[in-house]
Amino acid sequence: MQLRYSFRLYPSAGQRTALARAFGCARVVYNDALRARETAHSEGMPFPKTGDLSKQLITEAKNTPERAWLAEVSAVILQQSLRGLDAAYRNFFDGLMGKRPRMGVPRYKSRKDTRQAARFTANARWSITPGQKLRLPKIGDVRVKWSRTLPSSPSTVTVVKDSAGRYFVSFVVETGPEEVLPEVSPELGIDLGLGHFAVLSDGTKIDSPRFLRRAEKRLKKAQRALSRKEKGSKNRDKARVRVARAHARVADARREFHHQLSTKLIRENQAVAVEDLAVKGLARTRLAKSVHDAGWSAFVSMLEYKAARYGRTFLRIGRFGPTSQVCSRCGVKDGPKPLHVRVWTCGACEAVLDRDVNAAVNVAKAAGLAVSACGAQVSRAPVPAPRGEAGTHPKPSTIRWEQAGIPGF
Ligand SMILES: [Zn+2]
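Residues numbered from 1 in each chain as written. Predicted model: local features only at pLDDT ≥ 70, side-chain atom pairs only at ≥ 80, totals over all residues.

Going by an unreviewed UniProt entry, the protein carries the name RNA-guided endonuclease TnpB family protein and comes from Kitasatospora arboriphila.

Below, the structure written as structure tokens:
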């Protein structure tokens, strides 16, 4: 399988200029190819082949005065840019055929895009110098902050500049499933909800950790400060950079949280099941913001590749529907319940069920996993009756299941 390893990159001023040129050339070739295909389509001509476009838009274009500057960057970047367009078309067509979530038609890239990227393959003769720098053709030896070691030599190298002006390099490495972990017995269903980031079939409720909430708070503050600045002012530009940085920090913190949680769940469980949320569909509704914020799809894909990597089972069950309508203990379907109902008693078996955990157990059961429904049952621990109120019924308590954060990180 393929894994991606990312590291922070610190190019010098000259290297930043060379990278800007590389990003620009990659973008121009991409847009030229997109235009050629759109023109062919509107004229009823056949879809231009990548090989033909490569010859016409790279090899021949370099000899024209308008595109002579394409020769200033590694030809591999330009070839890879065409491959990127191919992938965008493939995803688009696969979406149309229902093979994957629907994607938009490939669109033109702009120098104002928040993410600029250029990709090198092995035949671009990039290398890692004895001094641990990344040597890129026509760019130079760039300083890298190596935070991990690569398990084997990478097939591709992508240099990215994000909206906060930071540079990263990401390596794609081919690895076998050689890291199979010793077998464990627990199996797990996960319900990704709005109230909590995730609820597990064993009764654990997981919220985003403090470091992520703190980063989010800082982002909100930066955004408020930006909205107060006068349009076109110097201070507004500064505030905009601060917002971009805060954004990047939130994205990093969220990715870190997803990594920690997905690694923990895959290590501790032999099989993990999630409900296919069809996040793409949900993302168009009013729940859109919380869906994007929670970043479920990124989290689920981490679970998936880590399961493959560590020899665990990952199961995605189709949207089988009303997880909250079915009792996870006896299987009786007793109808929909309004969202504010968090705990109810099953009319058939009298189990007292927690809404979110019940859903997680149902997800596990639908995937054929061996989980017990007892995780979904709220045990009514005897609450000491306050003086003077003895004889009234204590409110059912769900606090027992609340676990803020994840212990053991
Ligand atoms: Zn029941």
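Continuing now.
(A) Just the confidence of the model for the protein, in detail. Of all residues in the protein, 85% have pLDDT values of 70 or greater, and the mean over the chain is 82. Predicted confidence for residues 381-409 stays below pLDDT 50, and this span has 30 contacts to residues more than four positions away or in other chains. (pLDDT = per-residue confidence, 0-100. Contact = placed C-beta atoms within 7 Å.)

(B) A look at the sheet that holds strand 8 (residues 187-191). The strand order 10-9-8-11-12 describes an open sheet built from five strands, whose pairing is mixed. Each end of this open sheet is capped by a strand with a single partner; those strands are strand 10 (205-206) and strand 12 (313-317). Inspection of the sheet shows strand 8 paired to strand 11 (residues 271-275) by four bridges, in the parallel sense. Note that in strand 11 the partner of I190 across the bridge is V274. Along the sheet, helix 9 (residues 355-366) makes contact with strand 8, strand 9 (198-200), strand 10, strand 11 and strand 12, crossing strand 8 at roughly 125°. (Pairing = 2+ DSSP bridges. Helix = DSSP H or I, 4+ residues; strand = E, 2+ residues; numbered from the N terminus. Axes fitted to C-alpha atoms, helices over the stretch in contact; angles between N-to-C directions.)

(C) Seen up close, the packing of helix 1 (residues 13-42) against helix 3 (residues 75-96). Close contact between helix 1 and helix 3 brings their axes to 9 Å; oriented N to C, the two are set at 45°. Considered as vectors, helix 1 and helix 3 are oriented oblique to each other. Considering only the axes of helix 1 and helix 3, their crossing is right-handed. Residues A22, C25, A26, V29, Y30, A33 and L34 of helix 1 touch helix 3, and the partners they reach there are I77, L78, S81, L82, G84 and L85. Class assignment for the residues of the contact of helix 1 with helix 3 results in 11 nonpolar, two polar and no charged. (Parallel < 35°, antiparallel > 145°, perpendicular 65-115°, else oblique. Left-handed = near helix turned anticlockwise from the far one by under 90°. Nonpolar A, V, L, I, M, F, W, Y, C, P; charged D, E, K, R; others polar.)

(D) Structural context of the pairing of strand 11. Burial analysis of strand 11 places five of its five residues in the buried class, the great majority of the element. Taking every second residue as pointing to the same face, both faces of strand 11 are buried, with A271, A273 and E275 on one and V272 and V274 on the other. With five bridges connecting them, strand 11 and strand 12 associate as parallel partners. Paired with A273 across the bridge in strand 12 is L315. (Buried ≥ 20, exposed ≤ 12 C-beta atoms within 10 Å, placed from the backbone.)

(E) Layout of helix 9. Helix length check: helix 9, at 12 residues, gives a terminal C-alpha distance of 16 Å against a target of 16 Å (1.5 Å per residue), a fit within 8%. By the criterion of burial, helix 9 is predominantly enclosed, with 11 of the 12 residues buried. R355, D356, V357, N358, A359, A360, V361, N362, V363, A364 and K365 are the residues of helix 9 that are buried. Residue G368 follows helix 9 closely and has a positive phi angle near 80°. (Expected span 1.5 Å × (residues − 1).)

(F) Representation of the nonpolar core. Ranked by internal contacts, the top residues of the largest apolar core, which has 45 residues, are I190, V272, A273, L303, A360, V363 and A364. Those elements that provide at least two residues to this core are strand 8, strand 9, helix 4 (210-228), helix 5 (234-268), strand 11, helix 8 (296-310) and helix 9. Among all residues touching L303, those that are not within four sequence positions of it are S262, L265, I266, V272, V274 and F314. Formed by 31 residues, the second largest nonpolar core is a distinct cluster that contains A22, C25, A118 and V142. (Core = buried A, V, L, I, M, F, W, Y, C linked by C-beta atoms within 7 Å.)

(G) Broad picture of helix 4. With 19 residues, helix 4 should cover 27 Å at 1.5 Å per step; its first-to-last C-alpha distance of 27 Å lies within 8% of that length. As for helix 4, its buried residues are in contact with helix 5.

(H) The environment of A164, seen in detail. If you trace the backbone, A164 turns up in the loop between strand 6 (156-161) and strand 7 (167-174). Given 17 C-beta atoms within 10 Å, A164 falls into the partly exposed group. Sequence-wise, A164 and A246 are 82 residues apart; in three dimensions their C-alpha atoms are separated by 8.5 Å.

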